[in-house]
Amino acid sequence: KKEFVEKVIDSSNSLFKIGVVTFGYDQVYAAKLTNNTSSVYSQYLRAPRPDNSATDIAAALTYASTLFEHPKTARIVLLSDGIETDGKAQNAIKNVAQMGIKVDTVFFSNEAKEGNTEVQLVQVTTPDQSIKAGDKFNIDLTLQSSYKGQATIHLYDNGKLLSSKTVDLLDDESELQTFGIEAQFILPGMHKLSFEMETVGGGDLLQNNSFKTYMYLEVFDQILVIESIEEESASLRDMLNDNLNVKVVNTGAPDTLPQSLDQIRLYDEVIMVNVSNGDLPAGFVDNILHPYVNEIGGGLFTVCGNEIDENPSDEEWFANAYTKNDMYGTTYQKMLPVEIVNYTPPLAVMIIIDRSGSMYSPEGNIPYEQSKLYAAQQGAEACLDALTERDYVGIMTLEDKYSEEIKLTPRTQRDKILKAIENVKGEGGGTIFSYALEYAGRALTACSEVEKRHIIIVTDGEPGDKLEQYGPWVEENKKKGITLSIVGIEMGEEAQDRMMEMIELAGGTSKNLHVVVDFDRVATEMREDLMVDEIKDVNYKTFTPKISMYNSVVAGLTQAEMPTLNGFYGVKAKEDSEVVLMGEYSPLYAQWKYGKGMVGSFMCDLNGVWSADFIGTDAATKLINNIVTTLFPVENIRSKDIEYELIEQNYTSKLNIYTEMAEGDKIEVQVTSPTADGSEETRTIAPTPEEGYTQIPITITVPGVHTLLIQKKDANGNLLSETKAYKTFSYSQEYNAFKNPEECEAFLAELAEDGRGIVVEDPMQIFENVVKFLHRVIDPRLAFIIASLVMFLLDVAVRKFKFKWPHEIIRDHKAKKELGKK
């Protein structure tokens, strides 16, 4: 840069005024504009340095534009590495260009950062769900590294070492590396966190080895329970911890429900016990419950139940809270992590086609279109019509050996599966089941995307192997939850008996053996075999919930101690939801992040009907309390008189304050910041009403957690209300070692275009097409008018103040001279 500046000065030949401004976060007028360019370079070298811990290109351009006497003949040449940490250069350069000043740019890559072995902490991500004192949880850290090695990160909580972790670094700066570090807070309240990294063999910049953040553990204990049937929530309330304050209201008395968003914000969580959309007053979900969760961050827990309060039977048992007709198209359904639909479990089916000689032989007299093999192929094609887009299909063949025609493939790839079915050819030979059943079982077990697995064998005769040979594989598949059906084409009675033995060994019944004489019925039988029953609204059966995801909901629980339930409501989990507990093949408990809040749904009652063996157990009590605390907000959601928005950049931030202001009211902001010596200092910002209470500038340059106390006071200085905000700062983006130089160069090119200038590569380019003279166009008529006005004004002045014109003075002088002669 110095060499470039020197060449520019030398190339000017003292024909132009040249000055130098150096900048970082602030600006220094290093050499004033002058034609005596011989002294400019030395002044530039001797000038004090600006604050180089940040880069504010916008402020530098604005400052430089004020130094010109004639902007239309002015030019700014910006020398930079294109890294902007503060300000909006693109906005500033457009303002400068409108003044007539052209702005050229010169890109200099940051050589100080090139070739360094560097590692830096990039981001810290704290849990986006409620954490209470005593919980163990993970905090995710993200770093970048340009060299292989190790780094140790120490986590400090309020200045005390909490934990440490050593990680292996990657030597690829383009790849972000994320890992978790375990933490646990014993007490609620503010926890100022500091992550300090120690490196070996690299990490030249120390500033980016530290990262600051905070977590504030609120105490959440206010629960609102809404029930549709009197006292239906009693068992649930008994399971909740004694330190929770629970209020119960009933949809039958709508006046007892919260009537506004401010009222519902008095509660940290709402629990809906067997409440359908139709049970709620019009507008309650859309205007109160939805913004409470989505915008405010409140928690919502829904529990289902039934329309009647008697013992269940197939004829009279109806769901109340989770029904398709009640939920379809509603905001309530939109909020839940599950969809109320007629749901069929995802299925993987392996179709095994017997292609032995008796099914079809090319040397035989029977046309292929009249063969058993052709009928089997038509049946396999018909199976595709009975499946959904979530299902998988595989095609195998068997004779003396087996062959996989196509592996388990999503039903959505229908054409590919059809092609595989069409390519099945008759091979002759015998009929051996063992090998095909073994491979099919392994393939189906490996398919993790489904909940049900099924084998269909299409054959016409007895197998060449015996039950003792293929039976163990049938039993092994049964243990894995794989069901079996057989389609027998023109199968004799003895063969039917043997096939029925295999069906019973697989745990099936006579409905799983389809004996077909009419070839046209093969397709129908195979399609009907795959018509899996939909999960009805109500499913009355005993099952043990299965833990499908380990997180805070099941903390302290094991699968072995999970109690049974005697029924569930069939739903489908939405794509982004977390299914923590499963029934047989349907979600039992699911949750998800909805806007700022959390919503969880439990697919069974908690009133003691289907949950009689569940409620009251230690495991159930632990589970329900875990669910409730997990759905709590992550911050205080009480209604505030003062709302704020903090728009953060690097050193500079903008604070927007929103509150009702009476005449004479004023706002003060007290910023309490850590200092280098470990103490704290407080400064007060008092914007005037004329300045408004938006876009209040706040500058923070010291790493740490900074407290912003926003106070509203009346005309006499009395405190009316206040709220706190927190601003964290880790390190200036000036120390981001992995800025993409190509992006920085492109950024400077954009600035040159916005500044109506050029990207300079040679110093002489700066002086091309320079405006050397300020041309002015003068209308002569204006000059005559001005002269006339001046003469007129002079004439008025002479008349008023008795002044004489020159010709009058000469005339009077001559007259006096003549009188003297006489």
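Cut-off values and rules
Residues numbered from 1 in each chain as written. Predicted model: local features only at pLDDT ≥ 70, side-chain atom pairs only at ≥ 80, totals over all residues. Heavy atoms only, no water. Helix = DSSP H or I, 4+ residues; strand = E, 2+ residues; numbered from the N terminus. Rg over C-alpha atoms; globule rule 2.2 N^0.38 Å. Buried < 20%, exposed > 50% of the residue type's maximum accessible area, 1.4 Å probe, protein only. Pairing = 2+ DSSP bridges. Axes fitted to C-alpha atoms, helices over the stretch in contact; angles between N-to-C directions. Disulfide = S-S within 2.5 Å. Core = buried A, V, L, I, M, F, W, Y, C linked by side-chain atoms within 4.5 Å. Parallel < 35°, antiparallel > 145°, perpendicular 65-115°, else oblique. Left-handed = near helix turned anticlockwise from the far one by under 90°. Contact = heavy atoms within 4.5 Å. Nonpolar A, V, L, I, M, F, W, Y, C, P; charged D, E, K, R; others polar. Arc of directions from axis to C-beta. Salt bridge = Lys/Arg side-chain N within 4 Å of Asp/Glu carboxyl O. pLDDT = per-residue confidence, 0-100. Polar contact = N/O pair within 3.5 Å; in protein donor to acceptor, adjacent residues only side chain to side chain. Phe/Tyr/Trp six-rings, centres within 6.5 Å; stacked < 30°, edge-to-face > 60°.

1. Remarks on the overall build of the chain
Logical step 1: Summing up its helical and strand segments, the chain has 19 helices and 34 strands in all.
Logical step 2: Over its C-alpha trace the chain gives a radius of gyration of 41 Å, far above what one expects of a compact globule, namely 28 Å for 822 residues.
Logical step 3: Overall size of the chain, expressed as C-alpha extent along the three principal axes, is 170 × 75 × 60 Å.
Logical step 4: For the chain, with 822 residues in total, the buried portion stands at 48%.

2. Quick look at the sheet that holds strand E20 (residues 452-459)
Logical step 1: Spatially, E19-E18-E17-E20-E21-E22 is the arrangement adopted by the six strands of the open sheet, whose pairing is mixed. In this open sheet, the two edge strands, each paired with only one partner strand, are strand E19 (402-410) and strand E22 (513-516). Direction aside, the axes of adjacent strands within the sheet are offset by 15° on average.
Logical step 2: Note that strand E18 (residues 392-398) and E19 share six bridges and pair antiparallel. Within E19, the position partnered with Val 393 by the bridge is Thr 409.

3. Considerations on the state of the cysteines
Logical step 1: Under the defined criterion, the tally for this structure stands at zero disulfides.
Logical step 2: Just so you know, Cys 304 is unpaired, no disulfide at all, and the nearest cysteine sulfur is the one on Cys 604, 6.1 Å from it.

4. As for the nonpolar core
Logical step 1: Core analysis: the biggest nonpolar cluster contains 77 residues, and Tyr 322 and Phe 602 have the highest contact counts within it.
Logical step 2: The leading source of residues in this core is helix H7 (residues 284-296), at seven residues.

5. With respect to the packing of helix H3 (residues 57-65) against helix H4 (residues 89-98)
Logical step 1: Contact geometry for H3 and H4: axes closest at 8 Å, N-to-C directions at 15°. One way to sum up the angle between H3 and H4 is to call them roughly parallel. Read as a crossing pair, H3 and H4 show a hand that is left-handed. Mapping the contact onto sequence places Ile 57, Ala 58, Leu 61, Thr 62 and Ser 65 in H3 and Ala 89, Ala 92, Ile 93 and Val 96 in H4.
Logical step 2: A per-class count over the contact of H3 with H4 returns seven nonpolar, two polar and no charged.

6. Considerations on the sheet that holds strand E5 (residues 119-125)
Logical step 1: Read across the open sheet, the three strands follow the order E5-E6-E9; overall the sheet is antiparallel. Whereas interior strands pair on both sides, the edge strands pair on one side only; in this sheet they are E5 and strand E9 (177-184). This sheet shows a mean twist of 30° between the axes of neighbouring strands, independent of strand direction.
Logical step 2: Summarising the sheet, E5 and strand E6 (residues 136-145) pair through six bridges and their orientation is antiparallel. Its bridge partner being in E6, Val 124 is matched across the sheet by Leu 141.

7. Description of H4
Logical step 1: Restricting attention to buried positions, one finds in H4 the residues Ala 89, Ala 92, Ile 93, Val 96 and Ala 97. Buried positions in H4, seen along its axis, are confined to an arc of 135° and lie on one side of it.
Logical step 2: In this fold, the buried residues of H4 make contact with H3, strand E3 (75-80), strand E4 (102-107) and helix H17 (741-754).
Logical step 3: Two residues or fewer after H4 comes Gly 100, characterised by a positive phi angle close to 100°.

8. Thoughts on the pattern of salt bridges
Logical step 1: The tally for this structure, following the rule as stated, stands at 17 salt bridges.
Logical step 2: Note that Arg 237 is salt-bridged to Glu 231, the shortest N-O span being 3.4 Å.
Logical step 3: On the accessibility criterion, Glu 231 (46% relative accessible area) is partly exposed.
Logical step 4: Note that Glu 668 is salt-bridged to Lys 713, the shortest N-O span being 3.0 Å. Remark: Lys 713 occurs in strand E33 (residues 704-713) and Glu 668 occurs in strand E30 (residues 666-674); sequence separation between them is 45 residues.
Logical step 5: Residue Glu 668 is classed as buried on the basis of its relative accessible area of 17%.
Logical step 6: Several salt bridges converge on common partners, so that one network encompasses Arg 355, Glu 399, Lys 401 and Glu 405.

9. Things to note about the packing of H4 against H17
Logical step 1: Look at H4 against H17: their axes get within 9 Å of each other, and the N-to-C directions meet at 25°. When the interaxial angle is binned, H4 and H17 end up roughly parallel. Taken as a pair, H4 and H17 cross one another with a handedness that is right-handed. Listed contacts from H17 to Ala 89, Gln 90, Ile 93, Lys 94 and Ala 97 of H4 are Phe 747, Glu 750, Leu 751 and Asp 754.
Logical step 2: Classifying every residue of the contact of H4 with H17 gives five nonpolar, one polar and three charged.

10. Comments concerning the confidence of the model for the chain
Logical step 1: Across the chain, the average pLDDT comes to 87, with 91% of residues at or above 70.
Logical step 2: Counting interchain partners and residues more than four positions distant, the pLDDT-below-50 stretch residues 782-803 has five contacts.

11. Some remarks on the side chain of Ser 577
Logical step 1: Inspection of the secondary structure puts Ser 577 in the loop between strand E24 (572-573) and strand E25 (578-582).
Logical step 2: A distance of 3.5 Å separates a polar atom in the side chain of Ser 577 from the backbone oxygen of Pro 337.
Logical step 3: Of note is the side chain of Ser 577, whose polar atom sits 2.7 Å from the backbone oxygen of Lys 574.
Logical step 4: Each residue touching Ser 577, except ones within four places of it in the same chain, is listed here: Pro 337, Gln 591 and Trp 592.

12. Observations regarding the packing of aromatic side chains
Working definition: an aromatic ring pair is given by the centre-to-centre distance plus the angle between the planes.
Logical step 1: Taken as a whole and assessed by the stated rule, the structure comprises 18 aromatic pairs.
Logical step 2: With centroids separated by 6.4 Å and ring planes inclined at 90°, the aromatic side chains of Tyr 29 and Tyr 63 adopt a geometry described as edge-to-face. Of this pair, Tyr 29 sits in strand E2 (residues 27-34) while Tyr 63 sits in helix H3, and the two are 34 residues apart along the sequence.
Logical step 3: With a relative accessible area of 23%, Tyr 29 lands in the partly exposed category.
Logical step 4: In this structure Tyr 63 comes out as partly exposed when scored by relative accessible area, which is 27%.
Logical step 5: Ring geometry for Phe 602 against Phe 614: centres 6.1 Å apart, planes inclined by 35°, an arrangement best described as tilted. You can see Phe 602 sitting in strand E27 (residues 597-602) and its partner Phe 614 sitting in the loop between E27 and helix H16 (618-630), a full twelve residues away along the chain. With respect to burial, Phe 602 and Phe 614 carry one shared label: buried.
Logical step 6: Members of the aromatic cluster, joined through ring pairs, are Tyr 25, Tyr 651 and Phe 729.

13. Comments concerning the side chain of Thr 397
Logical step 1: Mapped onto the fold, Thr 397 is located in strand E18.
Logical step 2: At 2.9 Å, the side chain of Thr 397 and the side chain of Glu 405 are in polar contact.
Logical step 3: Beyond its immediate chain neighbours, meaning those up to four positions away, Thr 397 contacts Ile 353, Arg 355, Tyr 402, Ser 403, Glu 405 and Val 424.

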